[in-house]
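Fold and contact review
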Amino acid sequence: MIEPASHVAAMSAYALADLEAPAGKSLVSLSQNESVRGPSPSVTEAVASAIATAHFYPDPDWVELRQTLAHQHSIPFEGIICGNGSMELIAALAKSFADETGAILAPRHAYPFFRTAALLARARFDTAPEKDERVSVAALLDAHRTDTKIVFVANPGNPTGTRIAREDIVTLRDELPEKTLLVIDEAYGEFADHLGEPLYDLVERGDTVILRTFSKAYGLAGMRVGWELFPIAIAREIQKVLNPNNVSVAGQAAAVAALKDQRYMRETCDLTAALREGLAARLRSSEFDVADSFTNFLLIRFSDGEMAADADLALRKEGVFLRAQSGAGLPHCLRMTIGAKADLDFAASLLESWKEGQGR
Ligand SMILES: *Cc1c(COP(=O)(O)O)cnc(C)c1O
């Protein structure tokens, strides 16, 4: 029989959301942190005209997209690398800078794909405790070993939704050895940009990477476009492990058009924040424990894993899907994406009836 490579056999398949509404119910998915609304109308137009050139391979160097990103964020063109979603870049970082001789370190409740990336690279995966679902720089430094090749931190975090200040990231970087690559995944960065703490300047040190994506605030999860700002001196290494032509013609056109409509993206962030804070206030007034969030989702904490599973089931029965968080070491939590107001209201009312049922 054909056997997979041992490190692949040891992995479990990426846990996709199980999204099937019971018969007669319509599906309400609040499970994948998809944007509350579609992309800017200018994206739809740009993609429609780009399709006419789909018989050509896409630009392998993403030149127009990189120029637009460089201009938008005042960052060097040469340091920008684009990916088929930022997940491609996370896996490529692990495969380029870690192997079986070392470890990848992340906070305990980090984005579960960091672990998958470590396994793909055959690296050991270490975690550091968090405090109240917040990244602890002290704990990360404590968990760092001489063979730690990469430290992954998502800021704001997923599924926690919490954020650590620039000052703490700078401390982490200063205290880590220069030979440890620090990767800061800012998939939700746009939702926190108004706080005015960009980290792009850290990349100039040569040992830090910033990751962003078009999947969240730009509403382009289905187009699969992510990017990273990379130290120029080591950029060639990661390009070796990316697929050539990794971002499609449509994906590149969509991302450029999305970037050029900053007002639309900011409106999406404002709309998301207003819905999120309204939902958080409603759930808190019904005595749910909801963490502060700087993202397009809320983390709801239950008294234990059984309670969370019970609430999850009550919602699923009505076709409403949140995301359970055992994979991130938070079995007592459910993550709820900020979707349309009517869907959020429906989910909140189901949670409230569930809670009343618990009291009886
Ligand atoms: C959603 C998400 C990503 C994945 O983004 P893609 O660009 O869609 O691959 C990466 N990191 C974190 C923390 C995320 O939540």
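Residues numbered from 1 in each chain as written. Predicted model: local features only at pLDDT ≥ 70, side-chain atom pairs only at ≥ 80, totals over all residues. Heavy atoms only, no water.

Here we come to the environment of Glu-88. Inspection of the secondary structure puts Glu-88 in helix α4 (residues 86-97). Judged by relative accessible area, which is 18%, Glu-88 ranks as buried. C-alpha separation for the pair Glu-88 and Glu-20, spaced 68 residues apart in sequence, amounts to 27 Å. Beyond its immediate sequence surroundings of up to four residues, Glu-88 is in contact with Gly-83, Leu-242, Asn-243 and Asn-246. (Helix = DSSP H or I, 4+ residues; strand = E, 2+ residues; numbered from the N terminus. Buried < 20%, exposed > 50% of the residue type's maximum accessible area, 1.4 Å probe, protein only. Contact = heavy atoms within 4.5 Å.)

Before going further, it helps to spend a moment on the site of the ligand. Taken together, the neighbourhood of the ligand is formed by Gly-85, Ser-86, Met-87, Tyr-111, Asn-158, Asp-185, Ala-187, Tyr-188, Thr-213, Ser-215, Lys-216 and Arg-224. For the ligand, an oxygen atom lies 2.7 Å from a polar atom in the side chain of Tyr-188. When the ligand is considered free in solution it has 390 Å² of accessible area, and contact with the protein chains removes 94% of it. Here the shell around the ligand is composed, by residue class, of four nonpolar, five polar and three charged. (Near = heavy atom within 4 Å. Polar contact = N/O pair within 3.5 Å; in protein donor to acceptor, adjacent residues only side chain to side chain. Areas by Shrake-Rupley, 256 points an atom, 1.4 Å probe, with all protein chains shown as cover. Nonpolar A, V, L, I, M, F, W, Y, C, P; charged D, E, K, R; others polar.)

What follows concerns the pairing of strand β2 (residues 80-83). Of the two faces of β2, the one lined by Ile-80 and Cys-82 and the one lined by Ile-81 and Gly-83 are each fully buried. Pairing between β2 and strand β8 (residues 226-229): four bridges, direction antiparallel. Each bridged residue has a counterpart across the sheet, and for Ile-81 the counterpart in β8 is Glu-228. (Pairing = 2+ DSSP bridges.)

If you walk across this open sheet you meet the four strands as β9-β10-β13-β12, and the pairing is antiparallel. The open sheet has two edge strands with one neighbour each: β9 (289-290) and β12 (323-324). Pairing analysis gives five bridges linking strand β10 (residues 297-301) to strand β13 (residues 333-337), with the strands arranged antiparallel. Pairing of Leu-299 across the sheet is with Arg-335, part of β13. On top of the sheet, helix α10 (residues 262-285) reaches β9, β10 and β13; it is set at about 15° to β10, its chief contact. (Axes fitted to C-alpha atoms, helices over the stretch in contact; angles between N-to-C directions.)

Considered for burial, the residues of helix α3 (residues 63-73) that qualify are Leu-65, Arg-66, Thr-68, Leu-69, Ala-70 and His-73. Residues of α3 that are buried sit in contact with β2, β7 (208-213), β8 and α9 (249-260). Where α3 terminates, the next one or two residues include Ser-74, which has phi positive at roughly 50°.

Next up on the list: the nonpolar core. Among the nonpolar cores identified, the biggest contains 79 residues, and Leu-65, Leu-93, Phe-152, Phe-214 and Trp-227 are the most heavily contacted of them. If you tally residues by element for this core, the top one is α9, at seven residues. Beyond its immediate stretch of four places on either side in the chain, Phe-152 contacts Ile-90, Leu-93, Ile-104, Leu-105, Ala-106, Pro-107, Phe-114 and Val-183. Membership of the second largest hydrophobic core comes to 26 residues, among which are Val-28, Val-290, Ala-308 and Leu-315. (Core = buried A, V, L, I, M, F, W, Y, C linked by side-chain atoms within 4.5 Å.)

Inspection of the secondary structure assignment puts Leu-298 in strand β10. With 210 residues separating them in the primary sequence, Leu-298 and Glu-88 have C-alpha atoms 25 Å apart. When residues no more than four places from it in sequence are discounted, the contact partners of Leu-298 are Arg-276, Leu-279, Ala-280, Val-290, Ala-291, Ser-293, Leu-334, Arg-335, Met-336 and Ile-338.

Moving on, we get to the packing of aromatic side chains. In the structure shown here, the tally under the stated rule is eleven aromatic pairs. Seen from their ring centres, Phe-97 and Phe-230 are 6.1 Å apart, and the 40° between their planes marks the pair as tilted. With Phe-97 in helix α4 and Phe-230 in the loop between β8 and α8 (235-241), this residue pair connects regions lying 133 residues apart in the sequence. Summarising the aromatic geometry, the rings of Tyr-111 and Phe-114 are spaced 5.5 Å apart at their centres and angled 85° between planes, so their arrangement reads as edge-to-face. By relative accessible area, which is 16% here, Tyr-111 ends up buried. For Phe-114, a relative accessible area of 0% translates into the label buried. Within the aromatic cluster, the residues linked to one another by ring pairs are Tyr-111, Phe-113, Phe-114 and Phe-152. Here the basic side chain of Arg-37 rests over the ring of Tyr-264, its NZ or CZ set 3.6 Å away from the ring centre. Over the ring of Phe-288 we find Lys-355, and its NZ or CZ is 4.5 Å from the ring centre. (Phe/Tyr/Trp six-rings, centres within 6.5 Å; stacked < 30°, edge-to-face > 60°. Lys NZ or Arg CZ within 6 Å of the ring centre and 35° of its normal.)

A separate point is the sheet that holds strand β5 (residues 148-154). Across a sheet, paired strands are connected by hydrogen bonds in the backbone, their directions being either parallel or antiparallel. The strand order across the open sheet built from seven strands is β2-β8-β7-β6-β5-β3-β4, with neighbouring strands paired in mixed fashion. The sheet terminates laterally at β2 and β4 (124-128), the two strands that pair on one side only. This sheet shows a mean twist of 20° between the axes of neighbouring strands, independent of strand direction. Taken strand by strand, α3 contacts β2, β7 and β8, and its axis lies near 125° from that of β2.

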